[in-house]
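Listed here are the chains, written in short residue letters.
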Amino acid sequence: MLPLSNVDFEFAKAQLMLFLREWYMHPNGQIPAYEFALGDVNPPVHAWAVIRLFESFAGKDASDEDYRFLESCFHKLIINFTWWVNRKDPEGNNLYSGGFLGLDNIGVFDRSKPLPPGMILEQADGTAWMAFFCATMLHCAINLALKDPVYEDMASKFFEHTVLIIDAINNFGKGQGLWNEEDGFYYDHLRKDGRSCPMKIRSLVGLVPLFSVLVIDDSTLKKLPAFAKRTKWFVQHRKDLIEETSFMAERMGEDANQRSLLCIPTKAKLIRVLEYLFDENEFLSEFGIRSLSKFHEKNPFKININNEELRADYIPGESNSYLFGGNSNWRGPIWFPMNFLLVQSLQRFDYYYGESLKIEVPTR
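Our next topic: the layout of surface pockets. Its boundaries defined by the atoms lining it, the largest pocket holds a volume of some 1200 Å³. N42, P43, V45, H46 and P337 are the residues nearest the centre of the largest pocket, which is lined by 33 residues in total. Sorting the residues of the lining of the largest pocket by element identifies α1 (2-5), α2 (9-18), α3 (46-57), α4 (64-88) and α11 (336-353) as the ones contributing at least two each. Tallying contributions element by element places α11 first for the lining of the largest pocket, with five residues. Of the residues in the lining of the largest pocket, the class split is 27 nonpolar, six polar and no charged. By volume, the second largest pocket is sized at about 850 Å³. Taken together, 24 residues line the second largest pocket, and the ones lying closest to its centre are E55, H139, N143, D217 and T220. Counting only elements with at least two residues in the lining of the second largest pocket, the list comes to α3, α5 (124-145), β6 (213-217), α7 (218-222) and α11. By residue class, the composition of the lining of the second largest pocket is ten nonpolar, eight polar and six charged.

Right, let's talk about empty space enclosed by the protein for a bit. Unfilled space is identified by rolling a water-sized probe across the atoms. All told, the structure shown has two cavities of 30 Å³ or more when counted by the stated rule. Lining the largest cavity, in full, are I106, G107, V108, F109, R111, L121, D188, M199, I201, S203 and V205. Tallied by class, the residues present in the lining of the largest cavity amount to seven nonpolar, two polar and two charged. Here the second largest cavity defines a volume of roughly 60 Å³. Around the second largest cavity, the lining residues are W48, I51, F132, A135, T136, H139, F211, S212, V213, L214 and R348. Those elements giving two or more residues to the lining of the second largest cavity turn out to be α3, α5 and β6. When residues of the lining of the second largest cavity are assigned to their parent elements, the largest contribution, four residues, is made by α5. For the lining of the second largest cavity, the per-class residue count stands at seven nonpolar, three polar and one charged.

Thresholds applied
The numbers attached to residues start from 1 for each chain and follow its sequence in the written order. Local features in this predicted model are restricted to residues whose pLDDT is 70 or higher, and side-chain atom pairs enter the listing and the counts only when it is 80 or higher, whereas totals over whole chains, interfaces and linings include all residues. Hydrogens and waters are ignored; side-chain quantities use all the structure's heavy atoms. For cavity detection a 1 Å grid was placed over the protein atoms alone, and a set of points counts as a cavity when a 1.4 Å probe fits there but cannot get out; an open set counts as a pocket when protein lies on both sides within 12 Å along at least five of seven lines, with lining residues being those that have an atom within 4 Å of a point. Grid points are joined across faces, edges and corners, and a volume is the space filled by probe spheres set on the points. Secondary structure elements follow DSSP: runs of H or I no shorter than four residues count as helices, runs of E no shorter than two count as strands, and numbering proceeds from the N terminus. Each residue is assigned to one class: nonpolar for Ala, Val, Leu, Ile, Met, Phe, Trp, Tyr, Cys and Pro, charged for Asp, Glu, Lys and Arg, and polar for all the others, Gly among them.

Treat this as a map of the structure, not an account of what it does.
This is the structure:
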């Protein structure tokens, strides 16, 4: 709908609202994936499309009708968010097993089907998508609270929930969550019989944690005193969550605007992931970011499950298998929507860090 909004803004709004109406959204809050498998789960990007549309074409000149659009979508998206929390976090530890998530054959399992008995796949992308969803709902709530202070409570709720998800992906378990300190990358973890094993496939799965990034200007916080007060209390009294969470404020010059950053990777982790992102032997290609690292061309990932070898190879063209979604190949080809989200995230990191964070491109 975002490209179409350049032609017809009102029609784009109507289409985004349509999928949140009662004849599309299930009473439990699930949004259908597509016409041939309504029960599949695609990444939760609807809220992002709503706020992107609102800010890009309405922005500071938003009319009351534009705010009604944002408010109406926000209420229905809360139901969708609750469905995700209740259905896709099986252990209640803020690590999500989202299932299919539109990435077809990016891993070694068919993610639209159940795993072998006793196994749970804690998905780095599923968890990161939920952090992205949560931070986007926070973004929506802040915009609504600037017009109606009643939404400051909802902003506080989504801020705290975002921090909990970020803490889980970085620190759950033995203190590393889904982050692998040795490799400097985020991986899915396969859990069975109380043991957790990282699935060391360098793919877009480990880059999705970069998507969840929100920068809040001090000028905005000053207009939201209740939200600012609650946030300050949370930062001061929940240091166990904040210490490893990238929520911080920096004064960029004496008279400059103070900014707060809410994102998954710390600055140190971000630099390590970017080293893979901009490596021509890993993700960076002439035409964009690959869906699977070129490293796996000579080093395919292999794992033995129930005496069956499963593997993931780098395949830059058409898929060599019709499993996991036919010829929708995520083991090398460039997918421009994911590249678009990466560019947006890098712009936000730059807005916050500015000249204080630079990395050579290509890195190797």
